[in-house]
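Working through the structure, step by step
So you can see what is in the structure, the chains are spelled out below.
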Amino acid sequence: MAENDTHYNGVMNGSHEEAEPVIPLPNVGEGGPVYPGNNSGVEPVIPLPNPGEGGPVYPGNNSGVEPVIPLPNPGEGGPVYPGNDSGAEPVIPLPNPGEGGPVYPGNCNNPNGCITWLPSFPPVPGPPSVSSQCFGQVRFLNASTNTFAVDIYIDSTNYAANSRFGSISNYDWIADGFHTVTVRRANGMRNILLQQNFPFVANQKVTMVLTDSATGGLEMIRIVDTGCSNLPSRSGCYRFANMAYSGSSFDLLLTGGETVFRNVSFQTITSYKQAVAGSYQFYVADSNNYTFIHELPIIVIGAAATSSAVRQPLVSFSVNINAGRNYTSYIIGNTWSGNGLRVLTVED
């Protein structure tokens, strides 16, 4: 060996410069960092865990990518990240059937979206604990001339107990949707006299009128109590309904003979008319089919008469109309029973 020979533990390259030491790869299964290729300065790649060990997974070789949280096993629950949208809010899984939780009732016309608890059916009369935008209101008028009292149910809730001819209930809340109205005798056998499905609409008031039918049974008439809007000052709204008996047709007149509504047939309700606030005296007469008779466009005290003579009244009554309020007068009963004809005026 020459005098200047030197022994190296490393490996000499062509330029006799020192090379970086190469870390040997671990044996299979030993783990540890792996340096991909011979690229100097490359960050180590963390090996993927064995199946079932869990832990973060780095998608691809993109440097600086946030780890992807593995999805839970089926049934374990937890938030689910929809797709690959960065920053997306997690989707909360729906509860299993029967577990309850808030119910979002479709497209209720509510600026707050009706995000609230809904009561279970059947509905319970009285103010609900939720927005009225998801509830309507209903009341019942008994115009049937039967001598016995009835109970009126919506689904399984009694909305008009022991109702008799001429009685009207207060408005009660009813959930938006279709419901079954049932009429039973209040006493005795309590057999079903009438049963029918009706729609009830959120934020709408309706009057359900029980009347005699032409065949001798009972019928239920649904009337929407949506009054006038944008009324002039010192004016209200007024309309008239014939719920008396089959084949009847009436005119409503002021005491001076002015015709307010004409040819109102059985189970018909007129449109609202603007009425100047004040006290009015009306009377009901059988319909006059003369074509020259015209209705008053606006109800005003002391309006010019539209007919030459005052007709024989069947029944007369007075109404006090307040500004900004809506009223309906219902004629009910008949001329041959003990009940006779009468007019019931209510505020809508």
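Only a predicted model underlies this, so the values are computations on that prediction, with no experimental measurement involved. (Residues numbered from 1 in each chain as written. Predicted model: local features only at pLDDT ≥ 70, side-chain atom pairs only at ≥ 80, totals over all residues. Heavy atoms only, no water.)

Things to note about the overall build of the protein chain
This is how it is decided: The helix count covers DSSP runs of H or I at least four residues long, the strand count covers runs of E at least two residues long, and both are numbered beginning at the N terminus. Throughout this description, buried means an accessible area under 20% of the type-specific maximum (1.4 Å probe, protein chains only), exposed means over 50%, and partly exposed covers the range between. Any pair of residues with heavy atoms lying within 4.5 Å of one another is described as a contacting pair.
Regarding its fold elements, the protein chain presents zero helices and 17 strands. Burial status across the protein chain gives 33% buried among its 348 residues. Counting contacts in the protein chain only where the partners sit at least 6 residues apart, residues at least 24 apart contribute 61% of the total.

Some words on empty space enclosed by the protein
Heads up, the condition is: With a 1 Å grid spanning the protein atoms alone, the term cavity applies to any set of points in which a 1.4 Å probe fits but cannot get out, the term pocket to an open set with protein on both sides within 12 Å along at least five of seven lines, and the term lining residue to any residue with an atom within 4 Å of a point. Grid points are joined across faces, edges and corners, and a volume is the space filled by probe spheres set on the points. Nonpolar residues are Ala, Val, Leu, Ile, Met, Phe, Trp, Tyr, Cys and Pro. Charged residues are Asp, Glu, Lys and Arg, and all others, Gly as well, are polar.
Summed over all chains, the structure comprises one cavity of 30 Å³ or more. Each pocket or cavity is described by its volume, and for the largest cavity that value is around 30 Å³. Asn142, Ser144, Asn146, Phe148, Val150, Ser163, Arg164, Phe165 and Leu210 are the residues that line the largest cavity. The class makeup of the residues in the lining of the largest cavity is four nonpolar, four polar and one charged.

Regarding the pattern of salt bridges
Spelled out, the test is: One speaks of a salt bridge when a side-chain nitrogen belonging to Lys or Arg is within 4 Å of a carboxyl oxygen belonging to Asp or Glu.
Summed over the entire model, instances satisfying the criterion amount to eight salt bridges. With a closest N to O distance of 3.8 Å, Asp225 and Arg139 form a salt bridge. Here Asp225, found in the loop between strand 8 (218-224) and strand 9 (235-243), pairs with Arg139, found in strand 1 (residues 135-142); they are 86 residues apart in sequence, far enough to count as distant. For the pair shown, Asp225 and Arg139 are each scored as buried. The partner of Asp151 in a salt bridge is Arg190, and the shortest N-O contact between them spans 3.4 Å. One end of the pair, Asp151, is in strand 2 (residues 150-154); the other, Arg190, is in the loop between strand 5 (177-185) and strand 6 (192-200), and 39 residues separate them in sequence. Each of Arg139, Asp225, Arg239 and Asp348 takes part in salt bridges that share partners, so that together they form one network.

Examining the sheet that holds strand 15 (residues 315-321)
Test applied: Pairing between strands is defined by DSSP: at least two bridges between the two strands are required. Fitted lines through C-alpha atoms serve as axes, helices being fitted only where they are in contact, and the angles separating the N-to-C directions of these axes extend from 0 to 180 degrees.
Taking strand neighbours across the sheet as the criterion, the four strands line up as 11-10-14-15 in an open arrangement whose pairing is antiparallel. Edge positions in the sheet fall to strand 11 (259-265) and strand 15, since each has one partner strand and no second. On average, each strand axis in the sheet is inclined to that of its neighbour by 25 degrees, with strand direction left out of account. By the bridge criterion, seven bridges tie strand 14 (residues 278-286) to strand 15 in an arrangement that is antiparallel. Residue Val284 lies in a different strand from strand 15, and its bridge partner there is Val315.

Here we look at the packing of aromatic side chains
As a reminder of what qualifies: Whether two aromatic rings pair depends on their centres lying within 6.5 Å, for rings of Phe, Tyr and Trp, where Trp uses its six-membered ring; planes under 30 degrees apart make the pair stacked, over 60 edge-to-face, and the rest tilted. Both a distance and an angle decide whether a charge sits over a ring: NZ of Lys or CZ of Arg must be within 6 Å of the ring centre and within 35 degrees of the ring normal.
Within this structure, the stated rule accounts for six aromatic pairs. Seen from their ring centres, Tyr238 and Phe261 are 6.5 Å apart, and the 35 degrees between their planes marks the pair as tilted. In this pair, Tyr238 is assigned in strand 9 and Phe261 in strand 11, connecting sequence segments 23 residues apart. Ring centres 5.7 Å apart and planes at 35 degrees place the aromatic pair Phe282 and Phe317 in the tilted group. With a gap of 35 residues between them, Phe282 in strand 14 and Phe317 in strand 15 connect regions that are remote in the sequence. There is no split in this pair, since Phe282 and Phe317 are both buried. A network of ring pairs unites the aromatic residues Tyr238, Phe261, Tyr280, Phe282 and Phe317 as a single cluster. The lysine or arginine in question, Arg185, covers the ring of Phe148, its NZ or CZ lying 3.9 Å from the ring centre.

A few points about the sheet that holds strand 6
Read from one edge of the open sheet, four strands run 3-2-5-6, paired in antiparallel fashion. Pairing within the sheet leaves two strands with one partner each, and these edge strands are strand 3 (157-163) and strand 6. Ignoring which end each strand starts from, the neighbouring axes of this sheet average 15 degrees apart.

Brief notes about the side chain of Ser213
Defined as follows: Any pair of N or O atoms that falls within 3.5 Å is considered a polar contact. Within protein, one atom must be able to donate a hydrogen and the other to accept it, and sequence-neighbouring residues count only if both atoms are side-chain atoms.
Inspection of the secondary structure assignment puts Ser213 in the loop between strand 7 (205-212) and strand 8. Of the polar contacts made by the side chain of Ser213, one reaches the backbone nitrogen of Gly217; its length is 2.9 Å. Those residues in contact with Ser213, other than ones at most four positions away along the chain, are Leu218 and Glu219.

Some remarks on a nonpolar patch on the surface
Our working definition: The patches described consist of residues with a relative accessible area above 30% and no salt bridge, like charges being joined within 9 Å and nonpolar side chains (Val, Leu, Ile, Met, Phe, Trp, Tyr) within 5 Å. Computed with a 1.4 Å probe, the accessible areas rest on the Shrake-Rupley method; for each residue, only the protein chains presented here act as cover.
On the surface, Val276, Ile298 and Val300 cluster together into a nonpolar patch covering about 180 Å² of accessible area. Residue position: Val300 is located in the loop between strand 14 and strand 15. Residue classification places Val300 among the partly exposed residues on the basis of a relative accessible area of 32%.

What about the nonpolar core?
A general tendency of soluble globular proteins is for nonpolar side chains to be buried together. Formally: Within this scheme, the nonpolar core is defined by two criteria: the residues are buried Ala, Val, Leu, Ile, Met, Phe, Trp, Tyr or Cys, and they are joined through side-chain atoms within 4.5 Å.
Ranked by size, the top nonpolar core spans 24 residues in total, and within it Tyr238, Leu252, Phe282 and Val284 carry the most contacts. Elements with a contribution of two residues or more to this core: strand 9, strand 10 (249-254), strand 11, strand 14, strand 15, strand 16 (326-333) and strand 17 (341-347). When residues in this core are grouped by element, the largest group, four residues, is from strand 15. Among all residues touching Val284, those that are not within four sequence positions of it are Phe240, Phe250, Asp251, Leu252, Gln312, Pro313, Leu314, Val315, Phe317, Ile331 and Val343.

Things to note about the environment of Ser271
With respect to the helices and strands, Ser271 occurs in the loop between strand 12 (268-269) and strand 13 (273-276). Separated by 43 residues in the primary sequence, Ser271 and Cys228 have C-alpha atoms spaced 9.6 Å apart. Leaving out residues up to four positions away in the same chain, Ser271 has contacts with Tyr238, Arg239 and Phe261.

So, the pairing of strand 14
As paired elements, strand 10 and strand 14 share five bridges and run antiparallel to each other. Across the sheet, residue Leu254 finds its bridge partner in strand 14, namely Phe282.

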